[in-house]
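# Residue-level structure breakdown
Here is what each chain is made of, one letter per residue.
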Amino acid sequence: FYKKKEIFLRELISNSSDALDKVRYQSISEPSILDAEADLYIHIIPNKANNTLTIADSGIGMTKNDLINNIGTIARSGTKRFVEALKQGTDLSLIGQFG
């Protein structure tokens with residue numbers, strides 16, 4: 001559990017950002033992936049009545065292995081690992097491994 005709510009919120013928004021990066025990069029080799037949802041977004045939706053905050057995005061979610069590797073990690077950026085791997089010549093077809 002996170003002791004500070006703002007760190008938890010930042011982590012959730014960072015995860016949404018990574019999901020958008022994942023769909024953006026995957027669309028380079030598969031342009032049709034944007035057919036269902038061409039607009040990339042992160043929505044933060046407060047609900048005072050239920051005391052909830054919903055974070056929704058149009059990105060690509062994580063696989064089970066992504067969850068195992070990344071759950072509970074504060075501000076771990078799949079985008080950063082993707083860019084580092086790209087600089088090393090990693091094939092773009094391996095995009096899914098970066099979260």
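Our subject is the structure that appears above.
Before going into details, it helps to say that this report is about the structure given with it. Keep in mind that what you see is a predicted model, and the values were worked out from it rather than measured.

What counts, and where the lines are drawn
- Residues numbered from 1 in each chain as written.
- Predicted model: local features only at pLDDT ≥ 70, side-chain atom pairs only at ≥ 80, totals over all residues.
- Heavy atoms only, no water.
- Helix = DSSP H or I, 4+ residues; strand = E, 2+ residues; numbered from the N terminus.
- Buried < 20%, exposed > 50% of the residue type's maximum accessible area, 1.4 Å probe, protein only.
- Contact = heavy atoms within 4.5 Å.
- Areas by Shrake-Rupley, 256 points an atom, 1.4 Å probe, with all protein chains shown as cover.
- Expected span 1.5 Å × (residues − 1).
- Pairing = 2+ DSSP bridges.
- Patch = residues over 30% accessible without salt bridge, like charges linked within 9 Å, V, L, I, M, F, W, Y side chains within 5 Å.
- Salt bridge = Lys/Arg side-chain N within 4 Å of Asp/Glu carboxyl O.
- Polar contact = N/O pair within 3.5 Å; in protein donor to acceptor, adjacent residues only side chain to side chain.

Let us now look at the overall build of the chain. A count of helical and extended segments in the chain gives three helices and two strands. Of the regular secondary structure in the chain, the N- to C-terminal order runs α-β-β-α-α. Evaluated residue by residue, the chain yields a buried proportion of 21% over its 99 residues. Of the contacts formed within the chain by residues at least 6 apart in sequence, a portion of 52% connects residues at least 24 apart. Per element, the accessible surface of the chain, about 7100 Å² overall, is 55% carbon and sulfur.

Residue pairs three or four apart in sequence face the same way in an α-helix, which turns once every 3.6 residues. Helix length check: helix 1 (residues 5–29) (25 residues) gives 37 Å between terminal C-alpha atoms against 36 Å at 1.5 Å per residue, within 8%. Turning to helix 1, its buried residues number three or more, namely E11, S14, S16, D18, A19, L20, D21, K22, V23, Q26 and S27.

Bringing the pairing of strand 1 (residues 42–47) into the picture now. Side chains on a regular strand alternate between the two faces of the sheet. Relative to strand 2 (residues 52–57), strand 1 runs antiparallel, the two sharing six bridges. Paired with N47 across the two strands is T52, which belongs to strand 2. Linking strand 1 to strand 2, which pair antiparallel, is a turn of four residues; within it N51 sits at a positive phi near 55°.

Side chains of I42, I44 and L53 sit close together on the surface and give an oily, nonpolar patch of about 230 Å² of accessible area. Tracing the backbone through its elements, the reader meets L53 in strand 2.

Within the secondary structure, S58 is located in the loop between strand 2 and helix 2 (64–70). Within the structure, the side chain of S58 is placed 3.1 Å from the backbone oxygen of D39, a separation counted as a polar contact. In terms of polar contacts, S58 uses its side chain to reach the backbone amide nitrogen of Y41, at 3.0 Å. Ignoring any residue separated from it by four or fewer positions in sequence, one finds S58 in contact with L20, V23, E37, D39, L40 and Y41.

Another aspect to go through is the environment of L9. If you trace the backbone, L9 turns up in helix 1. Taking relative accessible area as the criterion, L9 reaches 29% and is therefore assigned partly exposed. For L9 and I55, which are 46 residues apart along the polypeptide, the C-alpha to C-alpha distance reads 9.1 Å. Setting aside its immediate chain neighbours within four residues, L9 contacts L53 and I55.

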